[in-house]
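# Reading the structure
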Amino acid sequence: MRLGIFGGSFDPVHNGHLALARACQRQVALDEVWFMPTAVQPLKARGPHASDSDRVEMLRLATLDEPAWRVCTLEIERGGRSYTIDTMRQLREELPEAMLFFLIGADALRDVAQWKDPREIFRLATPLVVHRPGEAQPSLETLGALCTSSTQPLVVNMPLVDISSTEIRRRVGAGDSIESFTPEAVAQYIAARELYRTQ
C-alpha cells in the first residue's frame with residue numbers, strides 16, 4: 001500500500017487541506033491518505049483552539065465522501081507533544097509492508113531541520129513537498145540531504161486555494177461567513193458547537 005500521512009492541527013480542517021491531500025493522492029498514486037491531527041505541535045507556542053474531539057469530528061465530516069481517506073487519531077491518543085518520528089516508527093512497526101509518504105507544505109521546509117530526528121523520519125517515509133501557485137519553487141537541497149537514496153523528496157503541485165485555519169477562526173469570531181472555506185458539514189458543525197466565537 002502507498003500510504004500518505006498528512007499531519008496538522010486541522011483547527012479547523014478546510015478546503016485547502018482537502019485540495020492538498022487530493023493533489024498528492026492523484027499525482028503520486030497514493031492508495032490511501034490518513035489525516036493525522038496532532039495533540040500539541042512542538043513548534044507552536046500554544047495548543048489548538050478547538051478540542052481534540054471537535055477537531056477529529058470535523059475531519060471525519062470533511063472526509064466522509066472520500067473512501068481512500070481516513071482520520072487517524074494515533075497522536076491524539078498518545079497525548080502530549082506530537083513528534084513525527086514517534087508516529088512514523090509506530091506506523092512502520094504496524095504496517096511493515098506499506099510505502100510511507102509524508103505530506104508537507106513547501107512553507108514548512110524551513111523548520112524541518114528543527115524537527116526531532118529528521119533523518120530517521122525521512123528514512124522511513126518519502127516527503128511529498130506541496131508547491132502552491134505563486135510561491136517560489138521549493139528548494140529541496142536541505143531536505144534531500146536528510147533523505148536516503150530511495151526516499152528523495154517529490155514535488156506535488158496543487159491548485160491555488162487561498163484559505164487558512166487562522167482566517168476561518170477570524171471570520172467566525174467576526175460573525176462573517178465561511179461558506180466555500182470549509183465543507184458545508186464542517187461549517188454547520190462549527191456553528192452548532194459555537195466554535196471559534198472568541199479567540
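Reference entry: report on the structure contained in this document. (Residues numbered from 1 in each chain as written. Predicted model: local features only at pLDDT ≥ 70, side-chain atom pairs only at ≥ 80, totals over all residues. Heavy atoms only, no water.)

Okay, the overall build of the chain next. Assigned secondary structure in the chain consists of eight helices and six strands. Secondary structure elements of the chain, listed N to C terminal, follow the sequence β-α-β-α-β-α-α-β-α-β-α-β-α-α. For 199 residues, the compact-globule estimate of 2.2 N^0.38 gives 16 Å, and the C-alpha radius of gyration of the chain, at 16 Å, lies within 12% of that figure. Each principal axis of the C-alpha distribution contributes one length, and for the chain these read about 50 × 35 × 35 Å. (Helix = DSSP H or I, 4+ residues; strand = E, 2+ residues; numbered from the N terminus. Rg over C-alpha atoms; globule rule 2.2 N^0.38 Å.)

The next point concerns the sheet that holds strand 1 (residues 2–8). If you trace the six strands from one edge of the open sheet to the other, you get 3-2-1-4-5-6, paired in parallel fashion. Edge strands, defined here as strands with exactly one partner in the open sheet, are strand 3 (69–71) and strand 6 (154–157). Pairwise comparison of adjacent strand axes, ignoring direction, gives a mean angle of 30 degrees for this sheet. Pairing analysis gives six bridges linking strand 1 to strand 2 (residues 32–37), with the strands arranged parallel. Within strand 2, the residue paired with Leu-3 across the bridge is Glu-32. On the sheet, helix 1 (residues 15–27) packs against strand 1, strand 2, strand 3, strand 4 (99–105), strand 5 (126–131) and strand 6 and is oriented at approximately 125 degrees with respect to strand 6. (Pairing = 2+ DSSP bridges. Axes fitted to C-alpha atoms, helices over the stretch in contact; angles between N-to-C directions. Contact = heavy atoms within 4.5 Å.)

Turning to its location among the elements, Pro-183 is positioned in the loop between helix 7 (165–174) and helix 8 (184–193). Counting along the chain gives 125 residues from Pro-183 to Met-58, while the straight-line C-alpha distance between them is 9.4 Å. With sequence-adjacent residues up to four places away left out, Pro-183 is seen in contact with Asn-15, Leu-18 and Ala-62.

Turning our attention to the nonpolar core. Core analysis: the largest hydrophobic core is formed by 37 residues, its most contacted members being Phe-35 and Met-58. Those elements that provide at least two residues to this core are helix 1, strand 2, helix 2 (52–63), strand 4, strand 5, helix 7 and helix 8. At six residues, the largest contribution of residues to this core is made by helix 1. Setting aside anything within four residues of it in sequence, one finds Phe-35 in contact with Phe-6, Phe-10, Leu-18, Ala-21, Leu-59, Thr-63, Trp-69, Arg-70, Val-71 and Cys-72. With 25 residues, the next largest nonpolar core counts Leu-3, Ala-98, Ile-104 and Val-129 among its residues. (Core = buried A, V, L, I, M, F, W, Y, C linked by side-chain atoms within 4.5 Å. Buried < 20%, exposed > 50% of the residue type's maximum accessible area, 1.4 Å probe, protein only.)

Our next topic: helix 1. With 13 residues, helix 1 ought to run about 18 Å at 1.5 Å a step, and its terminal C-alpha atoms sit 18 Å apart, in line with that. All of the buried residues along helix 1 are Gly-16, His-17, Leu-18, Ala-19, Leu-20, Ala-21, Ala-23, Cys-24 and Gln-25. Just downstream of helix 1, Ala-29 is the residue with a positive phi angle, here 55 degrees. (Expected span 1.5 Å × (residues − 1).)

By the definition in use, this model includes six aromatic pairs. A ring pair is formed by Phe-6 and Phe-10, whose centres lie 5.2 Å apart and whose planes are at 85 degrees; its orientation type is edge-to-face. A relative accessible area of 3% means that Phe-10 is categorised as buried. Members of the aromatic cluster, each reached through a chain of ring pairs, are Phe-6, Phe-10, Phe-35 and Trp-69. Positioned over the ring face of Trp-34 is Arg-70, at 4.0 Å from the centre of the ring. In this structure, Lys-116 is placed above the aromatic ring of Tyr-83, and the distance from its NZ or CZ to the ring centre is 4.8 Å. (Phe/Tyr/Trp six-rings, centres within 6.5 Å; stacked < 30°, edge-to-face > 60°. Lys NZ or Arg CZ within 6 Å of the ring centre and 35° of its normal.)

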